[in-house]
Amino acid sequence: MKIKEAFYRDKQMKFQGSDNYVTTPDLKLAVNAAITLKRPLLVKGEPGTGKTMLAEELAKTLGIPLLQWHIKSTTKAQQGLYEYDAVSRLRDSQMADLDGGERVKNIDNYIIKGVLWQAFTAEEPVALLIDEIDKADIEFPNDLLRELDRMEFYCYETRQLIKAKNRPLVFITSNNEKELPDAFLRRCFFHYIKFPDADTMRQIVAVHFPTLKQDLLQAAMKTFFDIRNLPGLKKKPSTSELLDWLKLLVAEDIPLEALQTQDDKVAIPPLVGALLKNEQDVTLFEKLVFMQSRNR
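Scope of this entry: the structure provided in the associated data block. The structure displayed is predicted, hence computed values, not measured ones.

1. Concerning the pattern of salt bridges
A pair can form between side chains of opposite charge whenever their charged atoms are brought close.
Part 1: For the structure shown, the criterion picks out 13 salt bridges.
Part 2: Here D199 and R202 are joined by a salt bridge, their closest N and O atoms 3.3 Å apart. Linking D199 with R202, this pair stays in helix 11 (residues 198–208), spanning three residues, or about one helical turn.
Part 3: For D199, a relative accessible area of 52% gives the class exposed.
Part 4: Overall, the relative accessible area of 35% leaves R202 in the partly exposed class.
Part 5: One salt-bridge network, held together by shared partners, links R146, R150, E152 and K163.

Have a look at this one:
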């Protein structure tokens, strides 16, 4: 059965961005390039830069369902295809007298369909998110090479060839914690989401906090980038952490004065725990503030 390609030929399926997601021109170009090439889009970037949200917003914008597969360190590629529940079948076989053994006879009752099976057998095009692939074992990407390349796999228990009715839009995210195999990379279109500059960050904040006062935003942005630019930080605060911090500032009605100093030097901001997430970074920041206070 030939995979339907009309979805990819339709010019209306070009991604033009979303009101809820600030998209840079190079990111839009990367998404549409992956659609044109019919290859998975591999998106890397710092945690909290909106990689997962990109897939969610694109699916919403194009009006197609999104299937999500969130990868853990213990995740195996086979789980994305299917799993055979032999234990349940054995248990049911021991209780076969209750229903005459009809359930046990049908092996389909014990096949747990994974997200790739669901995506391949969907009647309409879907988007498929494989989230944080770098969390898995190094062989995990290689184990999906054939399936993602040929859009098919074989179920040995039922003796079925599961082939995609419609080629899904495949998005793969990585936090860059682990290198991915070259053979896998060759089959993807790659894009790295750079950390937003100040102007782009203001646009992102405006989407989430359209009524935020400009003076508070300016002070918060200065504090945020001062912290990010601090040398030696173990974990720099991300975009999502800035949004969390702004949400807290608004909720707690923190006054503008709490974010500013008279001599425009770095100070410990209120609710700093939303930005700095380990004691080493907090200590480093406190030392910087102390040293600056002595030089005033």
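What follows continues from the structure just given.
2. Description of the sheet that holds strand 1 (residues 41–45)
Part 1: If you trace the five strands from one edge of the open sheet to the other, you get 2-5-8-1-9, paired in parallel fashion. In this open sheet, the two strands that pair with only one neighbour each are strand 2 (66–70) and strand 9 (189–193). Strand-to-strand, the axes of this sheet are offset by a mean angle of 20°, without reference to chain direction.
Part 2: Looking at chain direction, strand 2 and strand 5 (residues 127–131) are connected through five bridges and run parallel. In the sheet register, Q68 faces strand 5, and the bridge partner there is L129.
Part 3: The strands that helix 2 (residues 25–37) touches are strand 1, strand 8 (169–174) and strand 9; relative to strand 9, the one it contacts most, it runs at about 165°.
Part 4: Relative to the sheet, helix 3 (residues 51–62) contacts strand 1, strand 2, strand 5, strand 8 and strand 9, its axis offset from that of strand 8 by approximately 165°.

Cut-offs applied
- Residues numbered from 1 in each chain as written.
- Predicted model: local features only at pLDDT ≥ 70, side-chain atom pairs only at ≥ 80, totals over all residues.
- Heavy atoms only, no water.
- Salt bridge = Lys/Arg side-chain N within 4 Å of Asp/Glu carboxyl O.
- Helix = DSSP H or I, 4+ residues; strand = E, 2+ residues; numbered from the N terminus.
- Buried < 20%, exposed > 50% of the residue type's maximum accessible area, 1.4 Å probe, protein only.
- Pairing = 2+ DSSP bridges.
- Axes fitted to C-alpha atoms, helices over the stretch in contact; angles between N-to-C directions.
- Contact = heavy atoms within 4.5 Å.

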